[in-house]
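# Topology and contacts: notes
One letter stands for each residue in the lines below.
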Amino acid sequence: MELLKNQTILIASKSEEINNKILSLLKDYKILKTDNGNEAAEIVLKNNIDLILFDRMLNDINIFEFSKILKNNKKTFNIPLVLLKKEDSILEDFDILTSGILDFINVPFEEKEFLIKIRFYLKFYSLIKKLNKAVIDPVTKFPNKFSLTEKLKEAFNPKLLLIKITNLHLIYKYYGEIISNEIENYYIKNIKNKIPQELLSDITIYHIDRGLYALLIEDNSNEIEKFMLFNICENFFKGQEKVIVSNKYKFELNIAIGISMTSKDPFLYSEIALDFAIEKKTGYIFAEDIIDIYISEKQNHIFWINRIKRALDEDRIIPFFQPIYNNKTKKIEKYEALLRLIDEEGNIIEPANFLHIAKLENSYFEITKRIINKTFEIFKNRSEEVSINFSFIDIENSDIYHYIFLKLKEMKDFAKRLVIELVEDENIKDYGIVKTFIYEAKQYGVKIAIDDFGSGYSNYKRIFDLNVDYVKIDGSLIKDIDTSPLSRNIVSSIKSFTEKSGIKTIAEYVANENIFQIINELNIEYSQGYYIGKPEDLTKK
């Protein structure tokens, strides 16, 4: 009979006769031995044991205490315990089988029958392990999403909290799987510390996905009120969670929570609340408080996605161009390409109405390509410079990255009149990618501008690092420069910095003559705004 290989059996027995007999029969297996019950428990915790054979003659502990130790531990709970029972033993079969012991083998035993039983026990445990993999997360050993889904089918009056470490994906990306797994193990095991003691027995913790966990409360007596869940959530935000991993790295974890108190599809509702909490940066949200807003936003989302798709299909996504005036030469020397959608009635729709929705879909990158292509075609035979706006997600997207450089190779003469405006925002996680993009673009003679400089994400030092040619001063500083001394002082400071750095400045939102005069008094090189000219379709001029 073929034996199962690569499995480990622990023999816990004082009887040399039994030990020798079993060793001779199970020589193809890895065998560990001890005659001490507590030592046996330690061996099980430190090794991957597939079967435990033991007798009642352990040195330091009786068989029922030994069984209890193993059955109370998550790691060893399912390992088959088989008692080697002498025929004259006074132990009752019923007592043995109700103590957590899987089975017993009478000693002495018939060899063929013994091997059949051993094979059965090992196969049984192998199936248990496979089943556990289906319902238990392999990293944290907590029940997984499948387990939660099955539980929710039968749960009465469930309350569900979905908890997400929103920055774990970045830790995983930059520090690797081992560090990420250590954080997960630390965090999920400490979740129970945030739950009031009186609720612990009613709550099950689940590991749903990387950095995503669930707390399921089965409110059978209908006693869990909203304020109690509110208090649990507050416990997660009492000071930012700090984690030290491997005595080397220190991370601050960002948390978001979505809560559902409904019995109708609680997982979906808590997911909706979690997405909303992440998007709005509110920490935690109850699904019932925002579901109407969510449905309205999703309906609007679908409306615009369909509208954008039709506009792309019918070639109604086009660039308008706003002139940029050289304050020294008194000429229009540049234009900025600005996205517009023309609807079925010929109305001009500005991107503020739809671009944020397009970014959630693949249509965003198709829009970027259209603007690149149309701008290149319109300006290839003109003399002015033209700028195109690029965000970090454009640069990070390999398809867009390759597309822009393909166009630059095709139109090398035009490339020298192209300006790429980069928007600094919170999405920029890796400035190395940005610096590489700028370096490669400059090989074709492309100039680089930083857009909205002076806004919340601006950084003087980074201007040096990125080697830019232009700084476009944020419109919020320009539009009230004629009434706000503070705005004027900030703009003057920016101009002083750029002048010393050999960088030219462009003032946006130049809306009237007063602003235009102040911009000239500050020696800013270029003006852009409605006073200079509105965005227009140059193909119709």
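Scroll up to find the structure.
The shown structure was predicted, so the numbers you read here are calculated from the model rather than taken from an experiment.

So, about the nonpolar core. Taken as a class, soluble globular proteins show a tendency for nonpolar side chains to be buried jointly. Judged by nonpolar contacts, the single largest core of 56 residues is most densely connected at Phe376, Phe390, Leu408, Leu418, Leu422 and Val446. If one sorts the elements of this core by residue count, helix H15 (residues 398-410) sits on top with six residues. If you look at the next biggest cluster of nonpolar residues, it comprises 31 residues, including Leu161, Leu215, Leu229 and Tyr284.

Looking now at the packing of aromatic side chains. Tallying each qualifying case throughout the model produces 22 aromatic pairs. Centre to centre, the rings of tyrosine 364 and phenylalanine 365 are 5.2 Å apart; their planes meet at 75°, and the pair counts as edge-to-face. Take tyrosine 364: its relative accessible area is 5%, and that puts it in the buried class. One aromatic cluster is present, formed by Phe390, Tyr401, Phe405, Phe437 and Tyr444 through successive ring pairs. We note lysine 71 situated over the ring of phenylalanine 77; from NZ or CZ to the ring centre the distance is 5.5 Å. The aromatic ring of tyrosine 172 is capped on one face by arginine 210, whose charged end is 3.8 Å from the ring centroid.

The subject of this paragraph is the sheet that holds strand E3 (residues 51-54). The parallel open sheet is built from five strands, whose spatial order is E2-E1-E3-E4-E5. Where the open sheet ends on each side, the last strands, each with one partner, are strand E2 (30-34) and strand E5 (103-107). Adjacent strand axes in the sheet meet at a mean angle of 20° when their direction is disregarded. When strand E1 (residues 8-12) meets E2, the two strands line up parallel, connected through five bridges.

Let us now look at the pattern of salt bridges. Summed over the entire model, instances satisfying the criterion amount to 29 salt bridges. For glutamate 154, the salt bridge goes to lysine 151, with nearest N and O atoms at 3.5 Å. Here glutamate 154 and its partner lysine 151 are both found in helix H6 (residues 145-154), three residues apart, which amounts to about one turn of the helix. With relative accessibility at 26%, the residue lysine 151 sits in the partly exposed group. Between arginine 316 and glutamate 344 there is a salt bridge, and its shortest N-O distance comes to 3.7 Å.

A few words on a negative patch on the surface. A contiguous patch of negative charge, built from Glu16, Asp35, Glu39 and Glu42, is present on the exposed surface. Its location among the elements puts glutamate 39 in helix H2 (residues 37-46). A relative accessible area of 39% means that glutamate 39 is categorised as partly exposed.

Right, let's talk about a nonpolar patch on the surface for a bit. Taken together, the side chains of Leu102, Phe120 and Phe124 define a hydrophobic patch exposed on the protein surface, amounting to about 270 Å² of accessible area. When you line up the elements, leucine 102 lands in the loop between helix H4 (93-97) and E5. Given the relative accessible area of 33%, leucine 102 is considered partly exposed.

Conventions we followed
Position numbers for residues start from 1 in each chain and track the written sequence from start to end. Where totals are concerned, whole chains, interfaces and linings use all residues; where local detail is concerned, this predicted model gives features only for residues with pLDDT of at least 70, and gives and counts side-chain atom pairs only at 80 or more. Side-chain measures here rest on the full set of heavy atoms in the structure, leaving out hydrogens and waters. Residues grouped as a nonpolar core are buried Ala, Val, Leu, Ile, Met, Phe, Trp, Tyr and Cys residues, joined through side-chain atoms within 4.5 Å. The classification of residues rests on relative accessible area computed with a 1.4 Å probe and restricted to protein chains. Under 20% of the type maximum is buried, over 50% is exposed, and intermediate values are partly exposed. Helical segments are the DSSP runs of H or I of at least four residues, strand segments are the runs of E of at least two, and each set is numbered from the N terminus. Each aromatic pair joins two rings of Phe, Tyr and Trp (for Trp, the six-membered one) with centres within 6.5 Å, and gets the label stacked for planes under 30 degrees apart, edge-to-face for over 60, and tilted for any other angle. Over a ring means this: the NZ of a Lys or the CZ of an Arg is within 6 Å of the ring centre and within 35 degrees of the ring normal. We call two strands paired when DSSP finds no fewer than two bridges between them. Lines are fitted to the C-alpha atoms to define the axes, a helix being fitted only along its stretch in contact, and any angle between axes, read from their N-to-C directions, falls within 0 to 180 degrees. Salt bridge, as used here, is a side-chain nitrogen of Lys or Arg placed within 4 Å of a carboxyl oxygen of Asp or Glu. Within the patch definition used here, like charges are joined within 9 Å and nonpolar side chains (Val, Leu, Ile, Met, Phe, Trp, Tyr) within 5 Å, considering only residues with over 30% relative accessible area and no salt bridge. Each accessible area is a Shrake-Rupley result for a 1.4 Å probe, and residues are judged covered by the shown protein chains and nothing else. Under the convention used here, Asp and Glu are negative, Lys and Arg are positive, and both His and the chain ends fall outside the count. Taken as the charge centre is NZ of Lys, CZ of Arg, CG of Asp or CD of Glu, depending on the residue.

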